[in-house]
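Residue-level structure breakdown
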Amino acid sequence: MAEAMLAVEGVHAGYGPRLALKGVDLHIDRGEIVALIGSNGAGKSTLLMTLCGHPRAKQGRIWFEGRDITRVPTHDLVRCGLVQVPEGRRIFSRMTVLENLQMGALTSDSRHFRPDLDRVFALFPVLAERRAQRGGVLSGGEQQMLAIGRALMSRPRLLLLDEPSLGLAPLVVRKIFATLEEINAGEGVTILLVEQNAYHALKLAFRGYVMVNGVITLTGTGSGLLANPEIRAAYLEGGG
Amino acid sequence: MIDLYRETAIFLQQLVNGITIGATYGLIAIGYTMVYGIIGMINFAHGEIYMIGAFVAVMTYVVMGMLGVQSVPLALLAMLGVGMVVTAAYGWTVERIAYRPLRRSFRLAPLISAIGMSIALQNYVQITQGARVKPLPPVLPGGIHFLEETGFGVKITWLQIFIWTVTVALMIVFTWVVARTALGRQQRACEQDQLMAALVGVNVDRIISLTFVMGAVLAAVAGLIVTLQYGVVDFHIGFLAGVKAFTAAVLGGIGSLPGAMLGGLLIGLIETFWAAYFSGAYKDVATFGILVLVLLFRPTGLLGRPETEKV
Ligand SMILES: Nc1ncnc2c1ncn2[C@@H]1O[C@H](COP(=O)(O)OP(=O)(O)OP(=O)(O)O)[C@@H](O)[C@H]1O
Ligand SMILES: [Mg+2]
């Protein structure tokens, strides 16, 4: 087996004594877009946060680019190339758009700042217009663009996205997904996408995983999962 | 007519004195407000850091004298520099041993630890330095006199001018650091969302340490100022100054940097004017009375931000 970019082996994690992940195994190869779907409370967000060391895995191992990152401090993972756009966007609402993007660029070389900023502004022109406004006054869609832009400023090799389409109008969702595709195809950023919006996510993804109750129950290609009657019944009814 | 002149002179003199004492409160208040902003905790040992700053100033002066240093600017610079370095070390240590281990514990734990730290530092200074007041000869005598024909006269000492200059310079530097530098952005990010800050690569523990150090450095300057102004220090000056500076931070709006400066200035002015026009005995009562009044009408303080953020 060729070495995967990210390999998760038997990871258990949770909050206090309660386990939200009960032995998760998955892998992502360089250059892929992988979708992770599952119903509310399945443990998707917990998995993404555990990849970033918060909460820490109680059991199991996480490998990234051949390195065991299970115990690496959260703030060092960006420097490894592992970057997350967390659930709820979590932009710094009292900072300006520009300052949010500067926060994203914290760990990257200052020489890259101008070109990276121009690239983000080219992807999301609205951010350029609003660069001096406080993040908190942006609309939901603009905040999501800012959260993605902030992540791109740190030059990720693997980008973790937690429900980027949540609460956004269909047009904005389409725009965000098109951008993800562009980032992946154009710049070779590998993507792990957590989505409620299973239809869009599986259409975009090369492969997908289904999580139920803290374990992976099903995996396959994006189109394979889309065609699976079980998946259709559980996650896609009325969603197409 | 002459009477009005005289009143003006008295007023101006109080203004000069009030601004000077207000500067020290403001400098100490910044430490309270910054630490509160970042970890949501009142660092009750902060007043002791200021007291240590005052002691270090006296000790540095004595050492400079023994080394035969005659130059006043050099002596002041050394007092400022040594004071900042020593209190920075204290601020860092206090955070490390008293607060960091309790970061994830129940809410009152760090508060109790802070009070314990405060008592420990007082006793430590009392034991090592003795309980008697330490005097400091006037380092920067003289000043400018005007309105002397009124029979009262207004005096601005060189020392006061030095104090104002240093205070204004430090406040400009700190405001600039917080508003414009990568360090300041990291501090503000930690104030808003520590987990997200860590996700973009901020070493949150390090930023918290640095925040304590920055607060301690300003407290050291306040300690130096008070020592120069009054010429004496003892081991329990930290308590009252700490309480007043904390009041200043709350008055200005805890968490707000300009609020801390404004609050400090106001409290300095209030107590000076109250003592001059009414009675020295009740100046602290007046100060706290005004605090209560302000909080009744503006619970977040004068420049505090109301908690109506879109999350
Ligand atoms: N901070 C927390 N403290 C305690 N329990 C939590 C916390 N976050 C999540 N949980 C619990 O962990 C389990 C998994 O939650 P998680 O947020 O990972 O689910 P999810 O798949 O992302 O769901 P959703 O689609 O609703 O976002 C749930 O039972 C949830 O209640
Ligand atoms: Mg979730």
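Predicted model only: the values in this text are computed from it and were never measured. (Residues numbered from 1 in each chain as written. Chains lettered and ligands numbered in written order. Predicted model: local features only at pLDDT ≥ 70, side-chain atom pairs only at ≥ 80, totals over all residues. Heavy atoms only, no water.)

1. What about the confidence of the model for chain B?
All names here are of chain B. Worth spelling out the cut-off: You can read pLDDT as the predictor saying how much it trusts each residue, on a scale of 0 to 100. Strands here mean DSSP runs of E at least two residues long; helices mean DSSP runs of H or I at least four residues long; both are numbered from the N terminus.
Averaged over every residue, the pLDDT of chain B is 89; residues scoring 70 or more account for 97%. Mean pLDDT across the secondary structure elements of chain B bottoms out at strand β1 (residues 134–135), with 82, and peaks at helix α7 (residues 194–199), with 98. With a pTM of 0.92, the predicted complex shows an ipTM of 0.95.

2. Quick notes on the state of the cysteines
We apply this condition: By definition, disulfides here are pairs of cysteine sulfur atoms that lie within 2.5 Å.
Under the criterion given, the structure shown has zero disulfides over all chains. Of all cysteine sulfurs, the one in Cys 80 of chain A lies closest to Cys 52 of chain A, which takes part in no disulfide; the gap is 10 Å.

3. So, the sheet that holds strand β2 (residues 18–28) of chain A
Sheet strands pair by backbone hydrogen bonding; their relative direction is either parallel or antiparallel. All names here are of chain A. Our working definition: Note on pairing: DSSP must find at least two bridges between two strands before they are called paired. Throughout, a residue-residue contact means that at least one pair of heavy atoms, one from each residue, lies within 4.5 Å. What counts as an axis is a line fitted to C-alpha atoms, over the stretch in contact for a helix, and the angles between N-to-C directions run from 0 to 180 degrees.
An order of β2-β1-β4-β5 is seen for the four strands of this open sheet, with the pairing classed as antiparallel. Two strands bound the open sheet, and with one partner strand each, they are β2 and β5 (67–68). Direction of pairing for strand β1 (residues 6–15) relative to β2: antiparallel, over a ladder of eight bridges. If you follow Ala 7 over to β2, its bridge partner there is His 27. Seen against the sheet, helix α1 (residues 44–51) touches β1, β2 and β4 (59–64) and runs at an angle of roughly 70° to β2.

4. Some words on the packing of aromatic side chains
All names here are of chain B. Operational definition: Only Phe, Tyr and Trp rings take part, Trp by its six-membered ring, and two of them pair if their centres are within 6.5 Å. Stacked means planes under 30 degrees apart, edge-to-face means over 60, and tilted covers everything else. With a 1.4 Å probe rolled over the protein chains alone, any residue whose accessible area is under 20% of its type maximum counts as buried; one over 50% counts as exposed, and the rest are partly exposed.
If you walk through the whole model with that rule in mind, you get seven aromatic pairs over all chains. With a centroid separation of 6.4 Å and 45° between ring planes, the pair formed by Tyr 90 and Tyr 124 is classed as tilted. One end of the pair, Tyr 90, is in helix α3 (residues 72–99); the other, Tyr 124, is in helix α4 (residues 108–129), and 34 residues separate them in sequence. For Tyr 124, a relative accessible area of 39% translates into the label partly exposed. Put simply, the rings of Phe 11, Phe 273 and Tyr 277 pair up and form one aromatic cluster.

5. A look at the coordination of the magnesium ion (ligand 2)
For a metal bound by four donors in tetrahedral geometry, the ideal donor-metal-donor angle is 109.5 degrees, whereas six donors in octahedral geometry ideally sit at 90 or 180 degrees. Residue and element names in this part refer to chain A. Selection rule: Donor selection uses N, O and S atoms within 2.8 Å of the metal (3.2 Å for Na, K and Ca). Since no water is included, sites may look incomplete.
For the magnesium ion (ligand 2), every protein donor is listed as Ser 45 (OG) and Glu 87 (OE), and the spread of their distances is 1.9 to 2.4 Å. Residue Ser 45 is found in helix α1, and its partner Glu 87 is found in the loop between β6 (82–85) and α3 (97–104); the two are separated by 42 residues along the sequence. Classification of Glu 87 by relative accessible area gives partly exposed; the value is 39%.

6. What to know about the sheet that holds β6 of chain A
All names here are of chain A. The strand order across the open sheet formed by six strands is β6-β7-β8-β3-β9-β10, and the pairing between neighbours is mixed. Each having just a single partner strand, β6 and β10 (215–221) make up the two edges of the open sheet. Strand-to-strand twist in this sheet, taken as the mean axis angle between neighbours without regard to direction, amounts to 20°. Here α1 sits on the sheet and contacts β3 (33–37), β6, β7 (158–162), β8 (190–195) and β9 (207–212); the angle it forms with β7, its principal contact strand, is near 150°.

7. Overview of the site of ligand 1
Residue and element names in this part refer to chain A. Quick note on the threshold: Here a residue counts as near a molecule or strand whenever at least one of its heavy atoms sits within 4 Å of it. Polar contact criterion, stated in full: a pair of N or O atoms within 3.5 Å, where within protein one must be able to donate a hydrogen and the other to accept it, and residues adjacent in sequence count only if both atoms are side-chain atoms. Using a 1.4 Å probe, accessible areas were evaluated by the Shrake-Rupley method; residue-level cover was limited to the displayed protein chains. Amino acids outside the nonpolar list (Ala, Val, Leu, Ile, Met, Phe, Trp, Tyr, Cys, Pro) and the charged list (Asp, Glu, Lys, Arg) are all regarded as polar, and Gly is one of them.
In the vicinity of ligand 1 there are 14 residues, among which Lys 44, Ser 45, Thr 46, Glu 87 and Gln 196 approach most closely. A distance of 2.8 Å separates an oxygen atom of ligand 1 from a polar backbone atom of Gly 41. Within the side chain of Lys 44, an N or O atom sits 2.7 Å from an oxygen atom of ligand 1. Within the complex, the protein chains bury 64% of what would otherwise be the 640 Å² of accessible surface of ligand 1. Among the elements of the structure, β2 and α1 are those that each provide at least two residues to the shell around ligand 1. Taken together, the residues of the shell around ligand 1 break down into three nonpolar, seven polar and four charged.

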